[in-house]
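Commentary on secondary and tertiary structure
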Amino acid sequence: MISVATWNINSARLRLPIIEKYLTEHSPDILCLQEIKCQEHQFPTEALAALGYEHQAICGQKGYHGVATVSRVAIREYSRHDWQANGEARHVGIEVLGKNMRIDNVYVSAGGDEPDREKNP
């Protein structure tokens, strides 16, 4: 059995200490993070690898959005979708190697205070 957790972290770098605490205390096999708010090269890969989460798929963006999937079990990134066709980093899909399992890590924002697509694209 594979355990999976998901978390809208709202800045992976700023909240790294609480990510480390969560992983140490709960040890999910896979953790999906949304709103990492950094580019791939800025993501705390080494710190999470040191905790055993050496398998990582990161789709980052400067300043906002972005998703990352970190894992203690072997994974392979298989997709990134830009459904809005605006360059925002909101999806990364992985497959768990040796298992018949895929995970799509998607960040879907609230979009605004009014539920109107014209006012809040």
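Residues numbered from 1 in each chain as written. Predicted model: local features only at pLDDT ≥ 70, side-chain atom pairs only at ≥ 80, totals over all residues. Heavy atoms only, no water.

Position of Asn86 relative to the elements: it lies in the loop between strand S5 (75-79) and strand S6 (91-96). Judged by relative accessible area, which is 38%, Asn86 ranks as partly exposed. Within the structure, the side chain of Asn86 is placed 3.1 Å from the backbone nitrogen of Glu88, a separation counted as a polar contact. (Helix = DSSP H or I, 4+ residues; strand = E, 2+ residues; numbered from the N terminus. Buried < 20%, exposed > 50% of the residue type's maximum accessible area, 1.4 Å probe, protein only. Polar contact = N/O pair within 3.5 Å; in protein donor to acceptor, adjacent residues only side chain to side chain.)

Moving on: the pattern of salt bridges. Inspection of every chain in the model, using the stated rule, returns six salt bridges. One salt bridge in this structure joins Asp29 and Arg72, with 2.8 Å as the shortest N-O distance. Placement of the pair is Asp29 in the loop between helix H1 (16-26) and strand S2 (30-34) and Arg72 in the loop between strand S4 (67-71) and S5, with a sequence separation of 43 residues. For Asp29, a relative accessible area of 12% puts it in the buried group. A residue is classified by how much of its surface remains accessible, and Arg72, at 37% relative accessible area, is partly exposed. Among the charged side chains, a network of salt bridges with common partners joins Glu40, Glu77 and Arg80. (Salt bridge = Lys/Arg side-chain N within 4 Å of Asp/Glu carboxyl O.)

As a further point, take the sheet that holds strand S7 (residues 101-106). With antiparallel pairing, the three strands of this open sheet are ordered in space as S5-S6-S7. Each having just a single partner strand, S5 and S7 make up the two edges of the open sheet. The average undirected angle you get between the axes of adjacent strands in this sheet is 30°. Across six bridges, S6 lies against S7 in antiparallel orientation. In the strand pairing of S7, Val92 is matched with Asn105. (Pairing = 2+ DSSP bridges. Axes fitted to C-alpha atoms, helices over the stretch in contact; angles between N-to-C directions.)

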